[in-house]
Amino acid sequence: MNVQSIARTGRNAAALVLAAGLLAACRSHAPAAEGPAEATTVAFPEASRASLKEGVYPDVADLRRFAPGMSKRQLYTLLGTPHFNEGMWGVREWNYLFNFRTAQGAEYFTCQFQVRFDSKGIAQGGYWKPASCAAVLDPPRPPPPPAPAPLPEQPLRLSADALFGFDSASLSVEGQQAVQGVLAQVREASQVQSIQVVGYTDRIGSASYNQQLSQRRAEAVRQALVQGGVPAASISAEGRGAAEPLVQCGQGNRRELIACLAPNRRVQIAGVAHPR
């Protein structure tokens, strides 16, 4: 083989190598052109380049509706024109500058939001800068339940005549209804207070008998409250007989005296603050 043949052979080999390299380069870029935009590294434009440098306040409900698979037309309807002068066609990302109010109302913070598309203009994902801004899409937290209300400073007074029959410590039907009427309030208060049930009688009869009757009546009301859901450990019962009368009566006629002393025959329910 002469020198000219060798030279021609070398030039042909170089041409084949160059052609193979070009073909390989075309194949390595083709998948990126057909597949989704690269999502592992997201580069955001400088916020100062936004056409609306002050940003906009979006509807968070609309932002929650965004999802991969949306077209550019759907996204345009949902979020509006992108804020960095991106066009409709031939671009693989749209960028937005959003403001969100803080809990204080007048204050706000700014986030960048980027949507990346594949070559067909279908959204592949949304990205935030800073990443913590994604929390704005979290569902709103339900308001905390109201704090349990303590019983009022003045005790709840239930008439013993309305709760029990004569000389009885068993709750009547009307008495059970009366206890049910205060049950929800007492049950709620028991979360922040100890509950004290105190029974009282009038002064008619012996002190020892009245003491026992008032104790049994207080126990009956306590038991009804416990059965209604008040924690047993948070409620106590005590009888005080004819002590601490609300009225003083001096009628000579027994029937009139019994009627006058009715306010003294009672069961009181009071809250006692838990010791700190």
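1. Structural notes on unusual backbone geometry
Next up, step 1: The residue after lysine 129, namely proline 130, is reached through a cis peptide bond having omega -5 degrees.
Next up, step 2: Topologically, proline 130 is positioned in the loop between strand E3 (123–129) and strand E4 (156–159).
Next up, step 3: A positive phi is found at asparagine 85, a non-glycine position, where the angle reads about 60 degrees.
Next up, step 4: Residue position: asparagine 85 is located in the loop between helix H3 (72–79) and strand E1 (93–101).
Next up, step 5: Of note, the phi angle at aspartate 167 is positive, near 60 degrees, even though the residue is not glycine.
Next up, step 6: Here aspartate 167 is to be found in the loop between helix H4 (160–163) and helix H5 (173–189).

2. Re the layout of surface pockets
Next up, step 1: Estimated volume of the largest pocket: approximately 360 Å³.
Next up, step 2: Elements with a contribution of two residues or more to the lining of the largest pocket: H4, helix H6 (207–227) and helix H7 (254–260).
Next up, step 3: Top element by residues in the lining of the largest pocket is H6. It accounts for 4 residues.

3. Concerning the side chain of glutamine 193
Next up, step 1: Among the secondary structure elements, glutamine 193 is positioned in strand E5 (residues 193–200).
Next up, step 2: There is a polar contact of 2.7 Å between the side chain of glutamine 193 and the backbone nitrogen of leucine 151.

4. Regarding the side chain of lysine 72
Next up, step 1: Inspection of the secondary structure puts lysine 72 in helix H3.
Next up, step 2: Once residues within four sequence positions are removed from consideration, lysine 72 is found in contact with Met88, Trp89, Gly90, Val91, Trp94, Phe117 and Gly121.

5. So, the state of the cysteines
Next up, step 1: Under the definition given, this model contains 2 disulfides.
Next up, step 2: In this model cysteine 111 forms its disulfide with cysteine 133; the gap between the sulfur atoms is 2.0 Å. Judged by the torsion about the S-S bond (-80 degrees), the cysteine 111/cysteine 133 disulfide is left-handed. Of the two residues, cysteine 111 is situated in strand E2 (residues 108–117) and cysteine 133 in the loop between E3 and E4; the sequence distance between them amounts to 22 residues. An identical accessibility class is assigned to cysteine 111 and cysteine 133; each is buried.
Next up, step 3: Between the sulfur of cysteine 249 and that of cysteine 260 lies a disulfide, 1.9 Å long from S to S. Residues cysteine 249 and cysteine 260 share a disulfide whose torsion about the S-S bond is about -80 degrees; that sign makes it left-handed. Separated by 11 residues along the polypeptide, cysteine 249 in the loop between strand E6 (235–239) and H7 and cysteine 260 in helix H7 bring together distant segments of the chain.
Next up, step 4: Ordinal numbering of bonded cysteines along the protein defines a disulfide pattern of 1-2, 3-4.

6. Let's talk about H3
Residues spaced three or four apart along an α-helix face the same direction, because each turn holds 3.6 residues.
Next up, step 1: Residues of H3 that are buried include every one of Lys72, Leu75, Leu78 and Leu79, and no others. Taken around the axis of H3, the buried residues stretch over an arc of 125 degrees, which confines them to a single face. Pointing more than 90 degrees away from the buried face of H3 are the exposed residues Arg73 and Thr77.
Next up, step 2: Lining the buried residues of H3 we find helix H2 (60–65), E1 and E2.

7. Observations concerning the environment of phenylalanine 117
Next up, step 1: Relative to the elements of secondary structure, phenylalanine 117 occurs in strand E2.
Next up, step 2: According to the relative accessible area criterion, phenylalanine 117 is buried, its value standing at 0%.
Next up, step 3: Sequence separation between phenylalanine 117 and proline 68 is 49 residues, and the spatial gap between their C-alpha atoms is 8.9 Å.

What counts, and at which threshold
- Residues numbered from 1 in each chain as written.
- Predicted model: local features only at pLDDT ≥ 70, side-chain atom pairs only at ≥ 80, totals over all residues.
- Heavy atoms only, no water.
- Helix = DSSP H or I, 4+ residues; strand = E, 2+ residues; numbered from the N terminus.
- 1 Å grid on protein atoms, 1.4 Å probe; cavity = no way out; pocket = protein on both sides within 12 Å on 5 of 7 lines; lining within 4 Å.
- Points joined across faces, edges and corners; volume = space filled by probe spheres on them.
- Polar contact = N/O pair within 3.5 Å; in protein donor to acceptor, adjacent residues only side chain to side chain.
- Contact = heavy atoms within 4.5 Å.
- Disulfide = S-S within 2.5 Å.
- Buried < 20%, exposed > 50% of the residue type's maximum accessible area, 1.4 Å probe, protein only.
- Arc of directions from axis to C-beta.

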